[in-house]
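Summary of structural features
Given next are the chains, with one letter for each unit.
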Amino acid sequence: MRTFVLPDLGEGLHEAEIIAWHVSEGASVVADQPLVAVETDKAVVEIPAPWSGRIAQLHGAVGDIVEVGHALVDFEEGDAPEFTGIVGTVPDTAAPVSAQAAASVPVTPVPRTTVAGAGIVQASPAVRALAKRLGVDLTELTPTGPGGLATAADVERAAQSPSDEQSTFEDLRGPRRAMAEAMTRSGAEVVPATITDEVDVDAWPTGSDSTARLIRAICVGCAAEPSLNAWLQTGATGRTVHQHVDLGIAVDSPDGLFVPVIRSAETMSTTATRERLNELVASVRDRTIAIEDLRGATITLSNFGSLGGRHAVLVVVPPQVAILGAGRAAPRVVAVDGQPVVHRVLPLSLTVDHRAVAGGEAARFLAAVVADLQLAD
């Protein structure tokens, strides 16, 4: 019996959600044949069979979360291990698990627990502890895990109030789960500070691409105050100031928040910027975006005004230290040559990590952004 474990899917990824099995127990497979599709960090990854053999057991059902290094598949027989890596959207830095390491990971049997006065229920110690804390009798729920295993989601559903029939409990999966983890990390690490301003954009030609203008303005701001185009690693004694602006663009979708990255945005024309942004947004919409296109942003833009809102206290996601938000542009009364006139005004919100960015640096960055946006073209 040989056990294949979930391999390392890349830097910073510790687990993945099973979204589709391509094989079944008892089937014979050949090396590099698609084995299972998993989703992690908002991208879908295909994992091939590491060697040829017969499938003895699949560990995990669709929807289960599997940690790196935990058992995925047991093989009855097979050739010498020849794991070739992940197929699909995994960055070149991904380090596949060696066959020797995969074979050495033991399969931990799920403990069987007897509840007083009831039958036998399969549940891990963590799930039993959760059930005890929430006051859930394991024998009264319907397990949905593989082989009748009670999962944490089963316990949480059972803990819902029976009278709350209009409410629906949903597990956080894929992009929403990644978003929750990123926001939790930000809340634990970042010391946020926000500064706001407004820009008179009445001089913009009709049909101006506001997002492309904002991208250009951010690049101007980074040139004026490079300290905002930087990373601050947790526990680090220094920061990394980047030479290129790899700009993350917050994109709303039915599946949750995505932040694709435009590389070296400071070198691109307005037309090239728009074309690249359209490509990234399209890949988000059809869920074909590659992992590498979601990583490595040095600063982020959130053009939330297209949906609504004026100003916002935004969330900085480490290791980044700054995010600029643009609210909804609207007609407002402004003073021109001492006289009140109605012009189109664009509100801006800048949030920085005050551990790495001083107030003066944030103000100078925002002033440079405003100055560029005030230009007619």
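Preceding block: the structure.
Okay, so let's go over this structure.

Thresholds applied
- Residues numbered from 1 in each chain as written.
- Predicted model: local features only at pLDDT ≥ 70, side-chain atom pairs only at ≥ 80, totals over all residues.
- Heavy atoms only, no water.
- Helix = DSSP H or I, 4+ residues; strand = E, 2+ residues; numbered from the N terminus.
- Buried < 20%, exposed > 50% of the residue type's maximum accessible area, 1.4 Å probe, protein only.
- Contact = heavy atoms within 4.5 Å.
- Areas by Shrake-Rupley, 256 points an atom, 1.4 Å probe, with all protein chains shown as cover.
- Phe/Tyr/Trp six-rings, centres within 6.5 Å; stacked < 30°, edge-to-face > 60°.
- Lys NZ or Arg CZ within 6 Å of the ring centre and 35° of its normal.
- Salt bridge = Lys/Arg side-chain N within 4 Å of Asp/Glu carboxyl O.
- Core = buried A, V, L, I, M, F, W, Y, C linked by side-chain atoms within 4.5 Å.
- Disulfide = S-S within 2.5 Å.
- Expected span 1.5 Å × (residues − 1).
- Axes fitted to C-alpha atoms, helices over the stretch in contact; angles between N-to-C directions.
- Parallel < 35°, antiparallel > 145°, perpendicular 65-115°, else oblique.
- Left-handed = near helix turned anticlockwise from the far one by under 90°.
- Nonpolar A, V, L, I, M, F, W, Y, C, P; charged D, E, K, R; others polar.

The subject of this paragraph is the overall build of the protein. The number of helices and strands found in the protein is seven helices and 23 strands. Considering the protein as a whole, with its 377 residues, one finds that 43% of them fall into the buried category. For the protein, contacts bridging at least 24 residues in sequence account for 63% of all contacts bridging at least 6. For the protein, the computed accessible surface area is about 18,400 Å², with 52% contributed by carbon and sulfur atoms.

A full pass over the atoms with the stated rule returns two aromatic pairs. An angle of 75° between the planes, with centres 6.2 Å apart, marks the rings of F4 and W51 as edge-to-face. On the criterion of sequence distance, the pair formed by F4 in strand β1 (residues 2-5) and W51 in the loop between β5 (43-48) and β6 (53-58) is long-range, its members being 47 residues apart. In this structure F4 comes out as buried when scored by relative accessible area, which is 1%. For W51, a relative accessible area of 1% corresponds to the buried category. Centre to centre, the rings of W51 and F75 are 5.3 Å apart; their planes meet at 55°, and the pair counts as tilted. Of this pair, W51 sits in the loop between β5 and β6 while F75 sits in strand β8 (residues 71-78), placing them 24 residues apart in sequence. Feature note: the residues F4, W51 and F75 constitute an aromatic cluster, connected by ring pairs. Geometry around W51 places R2 over its ring, the cationic atom sitting 4.9 Å from the centre.

Under the defined criterion, the tally for this structure stands at 16 salt bridges. When the shortest N-O distance is used, the salt bridge between R185 and E189 registers 3.2 Å. With a gap of four residues between them, R185 and E189 both fall in helix α4 (residues 174-189), about one helical turn apart. Judged by its relative accessible area of 33%, R185 falls in the partly exposed class. Measuring nitrogen to oxygen at the nearest pair gives 2.9 Å for the salt bridge that ties R364 to E225.

Core analysis: the largest hydrophobic core is formed by 42 residues, its most contacted members being L247, I299, L348 and L373. When contributions to this core are tallied by element, the ones reaching two or more residues are α5 (210-224), β16 (247-249), α6 (270-285), β20 (299-302), β21 (322-326), β23 (339-353) and α7 (359-373). Ignoring sequence-local partners within four residues, the contact set of L247 consists of I215, I218, P260, V261, I262, A265, I299, T300 and L301. Of all hydrophobic cores here, the second largest spans 24 residues; its members include L6, V36, W51 and I291.

Once that is clear, we can look at the side chain of H242. The topology assignment puts H242 in the loop between β15 (240-241) and β16. If sequence neighbours within four positions are ignored, H242 has contacts with N229, A230, W231 and T298.

What follows concerns unusual backbone geometry. Look at the link from P318 to P319: it is a cis peptide, with omega at 5°. By secondary structure assignment, the location of P319 is in the loop between β20 and β21. Within the chain, R287 stands out as a residue other than glycine whose phi angle is a positive 60°. Along the chain, R287 falls in the loop between α6 and β20. For D337, which is not a glycine, the phi torsion comes out positive at approximately 55°.

Here we take up the state of the cysteines. Under the definition given, this model contains zero disulfides. Note on C222: no disulfide assigned, nearest cysteine sulfur contributed by C219 at a separation of 6.4 Å. For C222, a relative accessible area of 5% corresponds to the buried category.

What follows concerns α7. Between the first and last C-alpha of α7 there are 21 Å, a value that for 15 residues agrees with the 21 Å anticipated at 1.5 Å per step. Within the sequence span of α7, burial applies to E361, A362, F365, L366, A368, V369, V370, D372 and L373. Residues of α7 that are buried sit in contact with β13 (192-200), α5, β20, β21 and β23.

The next subject is the packing of α5 against α7. In the contact formed by α5 and α7, the axes pass within 8 Å of each other and the chain directions differ by 140°. Considered as vectors, α5 and α7 are oriented oblique to each other. Seen along the crossing, α5 lies across α7 with a hand that is right-handed. When α5 is examined against α7, the residues R213, L214, R216, A217, I218, V220, G221, C222 and A224 are found in contact with a partner set consisting of F365, A368, V369, D372 and L373. For the contact of α5 with α7, a count of residues per class yields ten nonpolar, one polar and three charged.

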